Amino acid sequence: MTTNVPTPAEVYTSQGECALDRGTHYVEESIWVYLMRDWDGIDRWVLDPVTVDGCGLDSGLDGARDSECMCEDKDECNAIWDWMDRLACRRRMICCTCSRSRSVTR
């Protein structure tokens, strides 16, 4: 007889919880992906090849976020957030002294 009760391994764990379990911090970013109508004339969306043209991908956010990090060391978390945000900013080939502030992304 089978049961539909999930085992502990099947129970959903958030990404913040996964990071906490590993003793690390959860910082996320988002990217824009460009879609286009299928070249074969089929009415479906496909990935536009210019999305992966070798350049850095465009951020879908105003910067990195760590609002779901469940750590208790906020100073360390802030330092890691700052580093990851600078990496994302550098990847977008823009200056990291731009006008956006952390309060917008938190």
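As shown above, the structure is provided for reference.
What counts as what
Residues numbered from 1 in each chain as written. Predicted model: local features only at pLDDT ≥ 70, side-chain atom pairs only at ≥ 80, totals over all residues. Heavy atoms only, no water. Helix = DSSP H or I, 4+ residues; strand = E, 2+ residues; numbered from the N terminus. Buried < 20%, exposed > 50% of the residue type's maximum accessible area, 1.4 Å probe, protein only. Contact = heavy atoms within 4.5 Å. Areas by Shrake-Rupley, 256 points an atom, 1.4 Å probe, with all protein chains shown as cover. Salt bridge = Lys/Arg side-chain N within 4 Å of Asp/Glu carboxyl O.

A. Layout of the overall build of the protein. A tally of helices and strands in the protein yields three helices and two strands. Taken from N to C terminus, the helices and strands of the protein fall in the order α-β-β-α-α. By the burial criterion, 23% of the 106 residues in the protein qualify as buried. Counting only contacts in the protein whose residues sit at least 6 apart along the sequence, the fraction spanning at least 24 positions is 57%. Surface accessibility of the protein: about 8200 Å² in total, with carbon and sulfur atoms responsible for 55%.

B. Up close: the environment of Leu87. In this structure, Leu87 sits in helix α2 (residues 74-91). Owing to a relative accessible area of 31%, Leu87 belongs among the partly exposed residues under this scheme. Spatially, the C-alpha atom of Leu87 lies 9.4 Å from that of Ala64, the residues being 23 residues apart in sequence.

C. Fine view of the pattern of salt bridges. A complete count under the given rule lists three salt bridges for this structure. Ionic pairing is found between Asp38 and Arg44, a salt bridge with its closest N-O pair at 2.6 Å.

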